[in-house]
Amino acid sequence: MGVRTWLQMKRKTRRAQDERPTVAFFHPYCNAGGGGERVLWCALRALQNRYQGVSFVVYTGDQGVTAEQILNGVRRRFNIRLPRLVKFVFLKHRLLVEAKLYPHFTLLGQSIGSIFLGWEALTEFVPDLYIDSMGYTFTLPVFRYLGGCQVGSYVHYPTISTDMLFVVRERNPRFNNAEYISSNPVLSAIKVIYYCAFALLYGLAGSCSDVVMVNSTWTLGHILALWHAPNHTSVVFPPCDVQAFLEVPLDEEAEEKEERKCHSVVSVGQFRPEKDHRLQIRAFRKLLDSKGVQSAGRETVKLVLIGGCRNQEDEERVLMLRGLCQELGVADRVEFKLNIPFEELKKNLTDATIGLHTMCNEHFGIGVVECMAAGTIILAHKSGGPKLDIVVPCDGGLTGFLADDEVSYADAMERILSMTPAARLEIRRRARQSVTRFSDQEFEGSFLASVEPLISTLGL
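## Notes on the environment of T5
- Secondary-structure assignment places T5 in helix α1 (residues 2-17).
- Separated by 49 residues in the primary sequence, T5 and V54 have C-alpha atoms spaced 24 Å apart.

## Considerations on α1
- Counted at 1.5 Å a residue, the expected span for α1 with its 16 residues is 22 Å, and the 23 Å between its end C-alpha atoms agrees.
- Those residues of α1 that are buried lie in contact with β1 (22-26), α4 (106-124) and α5 (140-146).

## Observations regarding helix α12 (residues 277-289)
- With 13 residues, α12 extends 19 Å from end C-alpha to end C-alpha; this agrees with the ideal 18 Å at 1.5 Å per step.
- For α12, every residue scored as buried is listed here: H277, L279, Q280, I281, A283, F284, R285, L287 and L288.

## Some remarks on the sheet that holds strand β2 (residues 55-60)
- Taken together, seven strands build an open sheet; the order of strands is β3-β2-β1-β4-β5-β6-β7 and the sheet is parallel. Every other strand in the sheet has two partners, leaving β3 (87-90) and β7 (233-235) as the edge strands with one partner each. Across the sheet, the axes of successive neighbouring strands diverge by a mean angle of 20 degrees, strand direction being ignored.
- Direction of pairing for strand β4 (residues 129-132) relative to strand β5 (residues 150-155): parallel, over a ladder of four bridges. Bridge pairing links Y130 to V151 in β5.

## Quick word on the sheet that holds strand β10 (residues 334-338)
- Judged by pairing direction, the sheet is parallel, and its six strands sit side by side in the order β10-β9-β8-β11-β12-β13 without closing on themselves. Pairing within the sheet leaves two strands with one partner each, and these edge strands are β10 and β13 (400-403). Strand-to-strand, the axes of this sheet are offset by a mean angle of 25 degrees, without reference to chain direction.
- In this structure, strand β9 (residues 301-307) lies alongside β10, joined through five bridges in parallel fashion. Looking at β10, one finds that L303 is bridged to V334.
- Strands in contact with helix α15 (residues 342-351) are β8 (263-268), β9 and β10; relative to β8, the strand with the most contacts, it is inclined by about 135 degrees.
- On the sheet, helix α19 (residues 421-434) packs against β8, β12 (377-381) and β13 and is oriented at approximately 70 degrees with respect to β12.

## Observations regarding the pattern of salt bridges
- By the definition in use, this model includes 23 salt bridges.
- The salt bridge partner of K347 is D351, with a shortest N-O separation of 3.1 Å. With K347 and D351 both in helix α15, this residue pair falls four residues apart, about one helical turn.
- With a relative accessible area of 53%, K347 lands in the exposed category.

## Digging into the packing of aromatic side chains
- Within this structure, the stated rule accounts for 22 aromatic pairs.
- A centroid spacing of 5.0 Å and a plane angle of 80 degrees characterise the contact between F105 and Y194, whose relative ring orientation is edge-to-face. In this pair, F105 is assigned in the loop between β3 and α4 and Y194 in helix α8 (residues 185-206), connecting sequence segments 89 residues apart.
- A relative accessible area of 53% places F105 in the exposed class.
- Given the relative accessible area of 16%, Y194 is considered buried.
- Grouping aromatic residues by their ring pairs yields a cluster made of F26, Y59, Y130, Y136 and F143.

## Some words on the pairing of β13
- As paired strands, β12 and β13 are joined by four bridges and run parallel to one another. Counterpart to H381 in the pairing with β13 is A403.
- Crossover β12 to β13 through helix α17 (residues 384-390) is right-handed.

## A look at the packing of α4 against α8
- With their axes 10 Å apart at the nearest point, α4 and α8 run at an angle of 25 degrees to one another. It follows that α4 is roughly parallel to α8 by the angle criterion. Like other packed secondary-structure pairs, α4 and α8 cross with a definite hand, here left-handed. The segment α4 lies against α8, with T106, L107, L108 and S111 engaging Y194, Y195 and F198.
- Tallied by class, the residues present in the contact of α4 with α8 amount to five nonpolar, two polar and no charged.

## A few points about the side chain of D314
- Looking at the element boundaries, D314 is found in helix α14 (residues 312-328).
- Setting aside chain neighbours within four positions, we find D314 in contact with F271, G308 and C309.

## Quick look at the pairing of strand β6 (residues 211-214)
- Burial along β6 is two-sided: the face carrying V211 and M213 and the face carrying V212 and V214 are both buried.
- The pairing of β5 with β6 spans four bridges and is parallel. Bridge pairing links V155 to V214 in β6.
- Here three bridges tie β6 to β7, and the two strands are oriented parallel to one another. Each residue of the ladder has a partner; that of V212, found in β7, is T233.
- Where the polypeptide runs from β6 across helix α9 (residues 217-227) and back to β7, its parallel neighbour, the crossover connection is right-handed.

## Observations regarding the packing of α8 against α9
- Contact geometry for α8 and α9: axes closest at 8 Å, N-to-C directions at 95 degrees. Classified by the interaxial angle, the pair formed by α8 and α9 is roughly perpendicular. Here A199, Y202, G203 and G206 of α8 lie close against α9, whose contacting residues are I223, L226 and W227.
- Split by residue class, the contact of α8 with α9 holds five nonpolar, two polar and no charged.

Reading the values: rules and limits
Residues numbered from 1 in each chain as written. Predicted model: local features only at pLDDT ≥ 70, side-chain atom pairs only at ≥ 80, totals over all residues. Heavy atoms only, no water. Helix = DSSP H or I, 4+ residues; strand = E, 2+ residues; numbered from the N terminus. Expected span 1.5 Å × (residues − 1). Contact = heavy atoms within 4.5 Å. Buried < 20%, exposed > 50% of the residue type's maximum accessible area, 1.4 Å probe, protein only. Pairing = 2+ DSSP bridges. Axes fitted to C-alpha atoms, helices over the stretch in contact; angles between N-to-C directions. Salt bridge = Lys/Arg side-chain N within 4 Å of Asp/Glu carboxyl O. Phe/Tyr/Trp six-rings, centres within 6.5 Å; stacked < 30°, edge-to-face > 60°. Right-handed = clockwise from strand over helix to strand, strands pointing away. Parallel < 35°, antiparallel > 145°, perpendicular 65-115°, else oblique. Left-handed = near helix turned anticlockwise from the far one by under 90°. Nonpolar A, V, L, I, M, F, W, Y, C, P; charged D, E, K, R; others polar.

This is the structure:
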């Protein structure tokens, strides 16, 4: 009670200087340039346009950059310009939420670390309304019960899911389940108990949220199972800049590709382990070995890997992927393009024939939507958001293809490349028609409707 009283006095002091209420977003990696960051900036733009009498704050752990540099990066990467200035609170202890600090019990370590990072944020600035926009659920009770704030959350991906529990129970080695654990029944049993206990704590923390927004049907199912808050949980699809891609004339684009007789397979996604770029490279190798591509000529197809590097670990991962390309003998046909500006991304996507996505249980898949809007034929993983929400039939016809292993990816790519230009064009048209439901405008309308109950508590 003493801490809560002290923090409320800090809020009163601030409100005496600036009478406007403040909405704060917790996004320690706001300068990362991924799909989650695009949600943040589109949400801020929508709120600033709607609520003129509200101030906005972003808690970020990005050190060594200024507010101006962050906003310039937003304009360059996402083509988003905020109507008003945003205050940034630069946190000094972001290391507390990084996985490398916790080689064991990583989920628990990062979650406890987020509590301390949230405490740093709260003591630096006490807002009236708090929104976690990056998935640090354990900060919600800190701001609600200590800060006395109304709290909301936008969930991109559940910290723990029933799928993760299934992987451990089945003793299946995956990127989040080391082989030495999956091969040992005792360690696997211990990890199941650990995951179940963590899931309980995660659900209790999430239930503190007054408003819950999730980015896909897949995420909705897991959050409802863990947080048990169906009355104030809704799906708000993330904003995808489809209009910028839809501006490219589809017919002319298709004709130019056929004249070039060179097809590019483009992947868009941050260089994180779960994106499974290794599968993309191995499937591409198998595609080059296929008879159809061999007869057409190896030089007729190339793989372009586009993505952002958040830190040194991601850069090292790119080096390992380059090494894999050398090992498989495809280095001459694979290009890496890191942290490129929006216009270059747009050109690469509109020039591509196939858009490639390989993350298992991707929560949504903004890159998948962008590929479809750009006129590429998407080949995505047969799971999560791409399967349930995005690569679904439109007007009774295909909008793309799904695969789940090296062979099925290679077969699907070969099938797409062997199709006639007219057949590919029909799929592109349907795909473009289907993605308009993921536009910035659709997101802003859904987001504002979801947060309106929270904003109304500010007395506007």
